[in-house]
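Examination of the molecular architecture
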Amino acid sequence: AQKVTQAQTEISVVEKEDVTLDCVYETRDTTYYLFWYKQPPSGELVFLIRRNSFDEQNEISGRYSWNFQKSTSSFNFTITASQVVDSAVYFCALKANFGNEKLTFGTGTRLTIIP
Amino acid sequence: DTEVTQTPKHLVMGMTNKKSLKCEQHMGHRAMYWYKQKAKKPPELMFVYSYEKLSINESVPSRFSPECPNSSLLNLHLHALQPEDSALYLCASSRSTSGGSRSYNEQFFGPGTRLTVL
């Protein structure tokens, strides 16, 4: 069975502060994919990043960075110098490599950036 | 073109109505998905089509009937819905459903149809 836990239900930070969203996952598969999606109030889920289980290199994209730690089964997401446009619900998700077409989502973290 | 489009954006229907939701993608993806999302919850998978064939039905009630006329289109036919079916219905597509080191299976989502059943 697969499981994704996002323990932070809601986070509020003041604009320009850094914020980290936590994601912890469980899977018995040795090969899997991890994802982060952003869902603004408009409703559309926006794909942010995919990470393969065999690639533990961290990634930075502008103000966004991701820290993948296989040893602790975590895939955390940091926004640096947050902006009001970052306000959204963020979902972490997990997908096995073979034989399982389902994307397992965490419960999401609602991030509010206060101007 | 990296877009998934969905129509209509909003739909209000009575319990005796028949309506359809439409989804379209032109990214050459061969897997398409329907999700249902209630407020403050993550999306729940309903159906998966792989190469135009239904590969997953997550025990969805028969009042929801999916259809994949071709590789770019996905429909969801609605009939005799209940008020508890009111939700955001999201369509997604991906290059494929299977994994593999060279297979990129991230799902790209449409903007959704916000459905209200009266």
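See above for the structure.
Let me sum up the structure you'll find in this document. As the structure is a computational prediction, the values presented were derived from the model and not from experiment.

Looking now at the sheet that holds strand S1 (residues 4-7) of chain B. Residue and element names in this part refer to chain B. Taken in spatial order, the four strands of this open sheet run S1-S3-S8-S7, and their pairing is antiparallel. Strand pairing shows two members of the sheet lacking a second neighbour, S1 and strand S7 (64-70), which therefore form its edges. On average, adjacent strands in this sheet sit at an angle of 20° to one another, irrespective of strand direction. Pairing geometry for strand S3 (residues 18-25) and strand S8 (residues 73-79), over seven bridges, is antiparallel.

Taken together, the contacts link 29 residues of chain B with 22 residues of chain A. Across the interface of chain B and chain A, roughly 2,000 Å² is buried in total on both sides, 54% from carbon and sulfur atoms. Three residues, Asn105, Glu106 and Phe109 of chain B, lead the burial of chain B against chain A; their summed loss comes to 22% of the area buried on that side. Counting every contact that joins chain B to chain A gives two salt bridges. The shortest N-O distance in the salt bridge between Glu106 of chain B and Arg50 of chain A comes to 2.7 Å. Here chain B is connected to chain A by four residue pairs in polar contact (both at pLDDT 80 or more). Elements that contribute at least two residues to the side of chain B that touches chain A include exactly strand S4 (31-37), strand S5 (44-50), strand S6 (53-57), strand S9 (87-94) and strand S10 (108-109) of chain B. Residue contributions to the side of chain B that touches chain A peak at three residues, all from S4 of chain B. Class assignment of the residues belonging to the side of chain B that touches chain A gives a composition of twelve nonpolar, twelve polar and five charged.

We now examine the state of the cysteines. Scanning all chains against the criterion turns up two disulfides over all chains. Paired through a disulfide, Cys23 of chain A and Cys92 of chain A show a sulfur-sulfur distance of 2.0 Å. Judged by the sign of its S-S torsion, about -65°, the cystine formed by Cys23 of chain A and Cys92 of chain A is left-handed. With Cys23 of chain A in the loop between strand S3 (19-21) and strand S4 (24-26) and Cys92 of chain A in strand S10 (residues 88-96), the pair connects residues that are 69 residues apart, well separated along the chain. Per residue, the accessibility class of Cys23 of chain A equals that of Cys92 of chain A, and both read buried. Across the disulfide, Cys23 of chain B is cross-linked to Cys91 of chain B (sulfur-sulfur distance 1.8 Å). Across the disulfide from Cys23 of chain B to Cys91 of chain B, rotation about the S-S bond amounts to roughly -70°, and the bridge is consequently left-handed. One end of the pair, Cys23 of chain B, is in strand S3; the other, Cys91 of chain B, is in strand S9, and 68 residues separate them in sequence. This cysteine, Cys68 of chain B, is not joined by any disulfide, and Cys23 of chain B carries the nearest cysteine sulfur, 9.2 Å off.

Bringing the pairing of S7 of chain B into the picture now. Here S7 of chain B runs beside S8 of chain B; their pairing, made up of five bridges, is antiparallel. Of the residues in S8 of chain B, the one forming a bridge with Asn70 of chain B is Leu73 of chain B.

All names here are of chain B. Where S5 and S6 come together, four bridges link them in antiparallel fashion. Among the inter-strand pairings, Ser50 is bridged to a residue of S6, identified as Lys53. Hairpin geometry of S5 and S6 is characterised by an intervening segment of two residues between the two adjacent antiparallel strands and by a positive phi of about 50° at Tyr51.

Criteria and thresholds
- In every chain, residue numbers begin from 1 and rise along the written sequence.
- To read the labels, note that chains go from A and ligands from 1, taken in the order they are written.
- Since the coordinates come from a predicted model, pLDDT governs what is reported: local features require at least 70, and pairs of side-chain atoms require 80 or more to be given and counted, while whole-chain, interface and lining totals use all residues.
- With hydrogens and water stripped out, all remaining heavy atoms of the structure feed into the side-chain values.
- Note on pairing: two strands pair once DSSP finds at least 2 bridges between them.
- A helix here means a DSSP run of H or I that spans at least four residues, while a strand means a run of E at least two residues long, and both kinds are numbered starting from the N terminus.
- Here an angle of 0 to 180 degrees is reported between the N-to-C directions of two axes, which are lines fitted to C-alpha atoms, with helices fitted over the stretch in contact.
- For this analysis, residues touch if any pair of their heavy atoms sits within 4.5 Å.
- Here's the idea: put two parts together, see how much 1.4 Å probe accessible area each one loses, and the total over both is what we call buried area.
- By definition here, a salt bridge exists when the distance from a side-chain nitrogen of Lys or Arg to a carboxyl oxygen of Asp or Glu is within 4 Å.
- Two N or O atoms form a polar contact when they lie within 3.5 Å of each other; inside protein one atom must be a possible hydrogen donor and the other a possible acceptor, and for residues adjacent in sequence the pair counts only when both atoms belong to side chains.
- The classification used treats Ala, Val, Leu, Ile, Met, Phe, Trp, Tyr, Cys and Pro as nonpolar, Asp, Glu, Lys and Arg as charged, and all other residues, Gly among them, as polar.
- Disulfides are defined in this document as cysteine sulfur pairs within 2.5 Å.
- Only protein chains enter the accessibility calculation, which uses a 1.4 Å probe; a residue is then buried when its area is under 20% of its type maximum, exposed when over 50%, and partly exposed in between.

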